[in-house]
Structures are given as C-alpha cells and as structure tokens.
Amino acid sequence: MTLTNPVPTASYGEVFTRRWVVDVLLDLTGYTSDRDLGALRLLEPSCGSGAFLGPAVERLIESAQAHGRDFASLGEAVRAYDLQPGHVGLARELCKNLLTTAGASGAVAATLAEQWVQHADFLLEREVEDRQVDVVIGNPPYIRYDDLSEAAAANYRRAWRTMRGRGDIYVGFFERSLRMLAPGGKIGFICADRWMRNQYGSALRELVASRYAVEHVWTMHDVNAFETQVSAYPAITVLANKPQGSVVVADTTVGFGEASAQALAKWSRDESLVGFADTAVKAHRLPHWFDGCELWPTGSPARLALIEYLNDMFFPLHDPGGTGTKVSIGVATGADKVYVTKDPDVAEPDRILPLAMRHDLTSGTFEWQGNYLINPWDDDGSLVSLGDYPRMSAYLSQYPELRARHVAKKAPLAWYRTIDKVNADLVPRPKLLLQDMKSHIHPVLEPGGYYPHHNLYYVVSDKWDMEVLGGLLLSRVAQAFIEAYCVRMRGGTLRFQAQYLKRLRVPDPLVLERDKATWNALRVAFRARDVAGATDAAARAYGINLADFDLAPTKDAAE
C-alpha cells in the first residue's frame, strides 16, 4: 500500500507542543529516567522536528548511563516516524547531538539516529515495522478527512476501521498505536478530544472500551499547550493495554501550566486520593471509565463523578421491559403545512386528532393552542382507504406536493401517508413532553388525549406517577446528565433528544414510593415548577450531597 504525497503538501497538521506538556506526558506514561528505559520500546508516530523525541531521548540517555548500558545497545529502544523528509533530517540531527554530547562516538550516534528516526507514513502498514511497543508518545497530526486526497482517505480507511465518517486523521493514529501496545503499555497523546463526543469517534471509543483502559483525561481547551495558537480542543489522554481501573479526569482553565501540571501528575500517583485542586485546575479520580461506543460524557470532574455514580447505581429512564417507561419522539408528517391544521372540519371527525406542539408547553402547564393532526392511520396501524373518507381525500388531493415526497415515491399508492405511523394507544396516556431545544430541561405533563408532534419528545410509563417523575426530570440532577451527554448549540441551547433522555438514570419507582416525603416533594415541586425544590428532593432520592457534584444552588438555577 504505497502512497505518494498522501496529504496536501501545504498542510501536514503540525502543531508543536510546549516542553512542560511533553514532560508531563512522559511522566504519566512511566517513561522516567529512574527506570531502565533501554529495556523498553518507545514509539513517536509523528515526530516532526523532535518536540517529544528530544526530551524522550534525553531521558533514555540518562537512564542508560545510570544503568550501565552501552549506547550502541539502544538501537531497538526508540522508533519515530514522519512523512516529511525535512522533519526526519531535523529529528535525526537532534538525536545525534544529544548522543554525542553525552559521550557517544559520532559513528554510534549517526547509526542510532538513522535507526530511531524513519521516513514513513505511520498509517500505511507496510511502511512501519510490525512490533510491540511499551510507550507511545506524541501529538498526532490534525487533518480532516475532507482535506486528504481521495486515494489517501481510501487507503487509510481500509487499513484502520475506526476511521469513519467525516473525522480527523488522528483517529487512525490512536488505533494503530493501541494495536501496537505490549501488555501494560501506555499511550500519552496531547490531542483533540472531539472523538470522545462526536459520531465519527464511535468506533474508536468502542475499541478503547472493549480492550484498553483510560487512565487520564485532562481537558485543556483554554490552555496554552502549543507553540502557536490553535483551536483544537486539546486534552492530555493516557490509555493503557490493561484492564480498566481508576481514571483521573481534570478540567483546566487558561492559567494552567507547568507547576500545576507537575503537581497534578504527582497527586495522581497516589490512588487513595480522590479530589485535587490547584491553580487553574480541578481533578477527580473516578473508580472506572464509561462503557461502549456511546458518547462519553463531558463536564467538570465533579460532574463526571456524578454521572458515573448515577450510571452505576440507578436504572435508565428508558426501561420498556422493567417499568414500562419509554422515551420517544412525536409524529413526523413530512408536510406539516398540510397535515397540521387549526380547522377540524377539513376531514371526518375520526380523522382529526388533537396535536400537542411546543407552543403548548410555554407556560410550564399544558395549554393546547388548537392544532390538529389529519390522521390517515387506522387504530391497527394500517392506512385507511381514502374512499371511506371523501372529506379527507378531497382535502389532501389539493396538495400535489404530497406525491412528490420521497415516502410517496417509494409507495405511490400510499402517497397520502405521514412519514411516521400514528400509534393510537399513545393518545389517551399521560405523557411528559419535552421540547427539543431549550437552555434548561422543561418537562410538562400532558394528561392524555393529545398526540405529540415531532418537535417534542415524550415519556410514558406503566409504573411511574408522572408528576413524581416530572419532578426528577425538572431537577438540576437531570439537567446535569443532559449537559454531560448532549450537543450544546449556540447561546447555551441544549438538545433534549431521545438518545440523551434515554440515558438519564432514575431510582426504582417502587422503592422510591416508600419514601413518602420525597415522593410527595417531587410531585409538589413539579406542580409549582420549583427547580430548587425538585433538585433538593431529587438529591434525597439519589442519596447525594449536591455540593459534592457542583449542584449547589445558583442565581439562575431556576428558569
């Protein structure tokens, strides 16, 4: 698999890392000069001019001298790769200078430098040695797939299955590095963290969760970690080829630097310690990491600790087989201007269905604004015959655009169908309705008799008192869960979509009902739209101290 100029010559995704960040990553991966580093194998998959390679070689030299190793015996200790010949030359020269300064002969230094630093594309299988390594270190290149040549993108995707969607080339660097790790080996990258929270990272998240361990995630979005200003959402991420154990999560601000980073790294070595705070950083030790390919949550260390606790101790809100609680979205018509009307006389009475829409929820109490759905579906889920409903037939036939829809072209005889079927059993059930896009979670009880529109998500349940469940969903605990997982839009607007709502954790309603005081407090808070009261009651229901998880009341806690 040979490739000439696989990325645009003007952009190789280079971002050069500050020395203190390099030193911290070397410490976190255990590449320290007190160990016999000559017995380990270090990999730098995209070495550039040597920002990581130089400090690593310095440590290797110091270790070799301390452990009595001949420099000539270090040929297998390092492998570094780069696609640009100029970088390869600079990195080799750096290694030679460090070795000769330490006392190596010119011949040994030149041989080691040539062996250590190789001109190759790390993502092309036949250009890189197939060998196990103990430590991988670096800042992999940031290049969007759209900026690659078609040939390069195709070759990379064939080689590395995690490179999906419209992602970034660094995903492949993670995968290949992971697959080269020896048992107990570690990767330490400073790299964008978008793969943890975007769809294109799902396969990489699944790979990590199934076979490897997350050890450190230090979010550094506002930190001056690079020699030049970049908008890369960087994080220090350390992964290991071992069973998952505890994880250090850290959230930093603009003042985070060398002293705080070294203090945090030192603190992290004592696994009995749980919380850490220093200049411009807060950290927390989680007992384990999050599972699977689903989006990994984001937030302060305390909030991540809350999410992990809730995930471990409570049940998903969406639990059709247990509590009969379901989360879903309302009906999509494919032509709202036709199917949604305020005139109930445009079709036969049994074809007109009261429709719940987002404007009905504005006050916090369901107040129907008089919209109807023209419903072409029978109670058994089949399409009614237009011949049986001449008034509806005449109305829908006025709109030729219905036949131009994709759903109509697929089934021309069913041209008058809505995209989604209408589930007649849903109409009489009490429902908690939630608008998709809001800054705060805003559940509203619809007592039954209406069908939700597709701009609303709904919750129904066989076991829950819907007002009590509404109190839990109104609380800042539920808000924190949504904030951790969902996409945040401009202006702080959150997406309250089913995929995030389903992940919410709730107590067993049969157990919670035994605590009459909490049960009733949730109901009262929901009726009063009292966010603070709902949050206090939810804290009792979950058995948590709000202050421990950054949930203490704030000025804007309530809408």
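About the criteria used
Residues numbered from 1 in each chain as written. Predicted model: local features only at pLDDT ≥ 70, side-chain atom pairs only at ≥ 80, totals over all residues. Heavy atoms only, no water. Helix = DSSP H or I, 4+ residues; strand = E, 2+ residues; numbered from the N terminus. Buried < 20%, exposed > 50% of the residue type's maximum accessible area, 1.4 Å probe, protein only. Contact = heavy atoms within 4.5 Å. Areas by Shrake-Rupley, 256 points an atom, 1.4 Å probe, with all protein chains shown as cover. Lys, Arg positive; Asp, Glu negative; His and termini not counted. Charge placed at Lys NZ, Arg CZ, Asp CG, Glu CD. 1 Å grid on protein atoms, 1.4 Å probe; cavity = no way out; pocket = protein on both sides within 12 Å on 5 of 7 lines; lining within 4 Å. Points joined across faces, edges and corners; volume = space filled by probe spheres on them. Pairing = 2+ DSSP bridges. Axes fitted to C-alpha atoms, helices over the stretch in contact; angles between N-to-C directions. Parallel < 35°, antiparallel > 145°, perpendicular 65-115°, else oblique. Left-handed = near helix turned anticlockwise from the far one by under 90°. Nonpolar A, V, L, I, M, F, W, Y, C, P; charged D, E, K, R; others polar. Phe/Tyr/Trp six-rings, centres within 6.5 Å; stacked < 30°, edge-to-face > 60°. Lys NZ or Arg CZ within 6 Å of the ring centre and 35° of its normal. Salt bridge = Lys/Arg side-chain N within 4 Å of Asp/Glu carboxyl O. pLDDT = per-residue confidence, 0-100.

A.B. asks: Outline the overall build of the chain, listing residues and values.
C.D. replies: Within the chain, the regular secondary structure consists of 19 helices and 22 strands. Overall, the C-alpha framework of the chain stretches about 95 × 55 × 35 Å when taken along its three principal axes. Counting across all 559 residues of the chain, residues that qualify as buried make up 56%. Pairs at least 24 apart in sequence give 74% of the contacts found in the chain among residues at least 6 apart. A total of about 23700 Å² of accessible surface is found on the chain, and carbon and sulfur atoms cover 49% of it. If you average the places of the 60 positive and of the 68 negative side-chain charges in the chain, the two averages end up 2 Å apart.

A.B. asks: Before we move on, could you go through empty space enclosed by the protein and cite the residues and values that matter?
C.D. replies: What the rule picks out here adds up to two cavities of 30 Å³ or more. Space inside the second largest cavity adds up to approximately 40 Å³. Leu310, Leu472, Leu473, Val477, Ala478, Phe481, Leu504, Arg505, Val506 and Tyr542 are the residues that line the second largest cavity. Taken together, the elements giving at least two residues each to the lining of the second largest cavity come down to helix 14 (466-474), helix 15 (476-485) and strand 22 (505-506). Here the lining of the second largest cavity gets three residues from one element, more than from any other, and that element is helix 15.

A.B. asks: Help me get a handle on the sheet that holds strand 13 (residues 340-341), residues and values and all.
C.D. replies: Read across the open sheet, the four strands follow the order 13-15-14-19; overall the sheet is mixed. Each of the sheet's edge strands pairs with one partner strand only, and the pair in question is strand 13 and strand 19 (451-452). Direction of pairing for strand 14 (residues 352-356) relative to strand 15 (residues 372-374): antiparallel, over a ladder of three bridges. Looking at the pairing, Ile352 lines up with Ile374 of strand 15.

A.B. asks: Explain the environment of Gln499 to me, and be specific about the residues and the numbers.
C.D. replies: Locating Gln499 in the fold gives a position in helix 16 (residues 498-501). Taking the C-alpha atoms as reference points, Gln499 and Lys337, separated by 162 residues in sequence, lie 27 Å from one another.

A.B. asks: Tell me about the packing of helix 18 (residues 516-528) against helix 19 (residues 531-542), residues and numbers included.
C.D. replies: Packing of helix 18 against helix 19 leaves a shortest axis separation of 8 Å and a crossing angle of 155°. With respect to helix 19, the element helix 18 is oriented roughly antiparallel. Here helix 18 runs over helix 19; the crossing is left-handed. Counting all contacts with helix 18, which are made through Ala517, Thr518, Ala521, Leu522 and Ala525, the residues of helix 19 involved are Gly533, Ala534, Ala537, Ala538, Arg540 and Ala541. Classifying every residue of the contact of helix 18 with helix 19 gives eight nonpolar, two polar and one charged.

A.B. asks: Please set out the packing of aromatic side chains residue by residue, giving values where relevant.
C.D. replies: In the structure shown here, the tally under the stated rule is 21 aromatic pairs. Judged by centre distance (5.1 Å) and plane angle (45°), the ring pair of Phe174 and Trp195 falls under tilted. Highlighted residues: Phe174 in helix 6 (residues 170-180) and Trp195 in the loop between strand 5 (181-192) and helix 7 (202-211), separated in sequence by 21 residues. Trp195 carries the same exposure label as Phe174, and that label is buried. Measuring from ring centre to ring centre gives 5.9 Å for Tyr309 and Phe314, while their planes differ by 75°; the resulting arrangement is edge-to-face. For Tyr309, a relative accessible area of 26% corresponds to the partly exposed category. Take Phe314: its relative accessible area is 16%, and that puts it in the buried class. An aromatic cluster is built from Tyr142, Tyr170, Phe174, Phe189, Trp195, Trp289, Phe290 and Trp296, whose rings are joined through pairwise contacts. Over the aromatic face of Phe122 sits the side chain of Arg176, whose NZ or CZ is 5.6 Å from the ring centroid.

A.B. asks: Tell me about the layout of surface pockets, residues and numbers included.
C.D. replies: Within this model, the largest pocket holds a volume of roughly 500 Å³. Considering the residues around the largest pocket, the lining is formed by 23 residues, among which Arg194, Arg197, His221, Thr298 and Gly299 are closest to the centre. At the level of secondary structure, the elements contributing two or more residues to the lining of the largest pocket comprise strand 6 (213-219), strand 8 (247-252), helix 9 (301-313) and helix 15. A class-by-class count of the residues in the lining of the largest pocket yields twelve nonpolar, six polar and five charged. Its volume calculated, the second largest pocket comes out at about 360 Å³. Forming the boundary of the second largest pocket are 18 residues, of which Lys186, Glu215, His216, Ser268 and Glu271 lie nearest the centre. Broken down by secondary-structure element, the contributors of at least two residues to the lining of the second largest pocket are helix 1 (19-28), strand 6, strand 8 and helix 8 (258-268). Here the lining of the second largest pocket is composed, by residue class, of four nonpolar, seven polar and seven charged.

A.B. asks: Now, about the sheet that holds strand 16 (residues 431-435): what can you tell me, with residues and values included?
C.D. replies: Strand order in the open sheet made by the four strands is 12-20-16-18, with antiparallel pairing throughout. A strand with exactly one partner marks an edge of an open sheet, and here the two such strands are strand 12 (326-329) and strand 18 (444-446). Neighbour-to-neighbour, the strand axes of the sheet open up by a mean angle of 30°, direction not taken into account.

A.B. asks: Quick rundown of the pattern of salt bridges? Include the residues and the values.
C.D. replies: One pass over the structure, following the stated rule, counts 23 salt bridges. Here Arg41 ties to Glu76 by a salt bridge, and the two come within 3.6 Å at their closest N and O atoms. With Arg41 in the loop between helix 1 and strand 1 (42-44) and Glu76 in the loop between helix 2 (53-66) and strand 2 (78-82), this residue pair connects regions lying 35 residues apart in the sequence. For Arg41, a relative accessible area of 29% translates into the label partly exposed. Notably, a salt bridge pairs Asp193 with Arg194, separated by 2.9 Å at the nearest N-O pair. Look at Asp193 and you get buried, because its relative accessible area is 1%. By sharing partners, the salt bridges in this structure join Arg19, Asp23, Asp27, Glu58 and Arg59 into a single network.

A.B. asks: If you had to explain the confidence of the model for the chain to someone new, which residues and values would you point to?
C.D. replies: Taken as a whole, the chain shows an average pLDDT of 92; of its residues, 94% reach a score of 70 or greater. For the stretch residues 1-13, pLDDT sits under 50, and the model shows 31 contacts to residues farther than four places along the chain or on other chains.

A.B. asks: Provide a residue-level description of the packing of helix 14 against helix 19, including the pertinent values.
C.D. replies: Between helix 14 and helix 19, the shortest axis-to-axis distance is 8 Å and the interhelical angle comes to 100°. Between helix 14 and helix 19, the angle is such that the two are roughly perpendicular. Touching Gly471, Leu472 and Leu474 of helix 14 are Val531, Ala534, Ala538, Ala541 and Tyr542, all from helix 19.

A.B. asks: Could you give me a rundown of the pairing of strand 20 (residues 456-460), with the residues and numbers involved?
C.D. replies: Extensive coverage of strand 20 is indicated by the burial of five of its five residues. Neither face of strand 20 is open: one carries Leu456, Tyr458 and Val460, the other Tyr457 and Val459, and all of them are buried. With four bridges connecting them, strand 12 and strand 20 associate as antiparallel partners. Within strand 20, the residue paired with Val327 across the bridge is Val459.

A.B. asks: Please set out the side chain of Thr535 residue by residue, giving values where relevant.
C.D. replies: With respect to the helices and strands, the residue Thr535 is situated in helix 19. The residues touching Thr535, leaving out its near neighbours within four places in the chain, are Ser475, Arg476 and Leu546.

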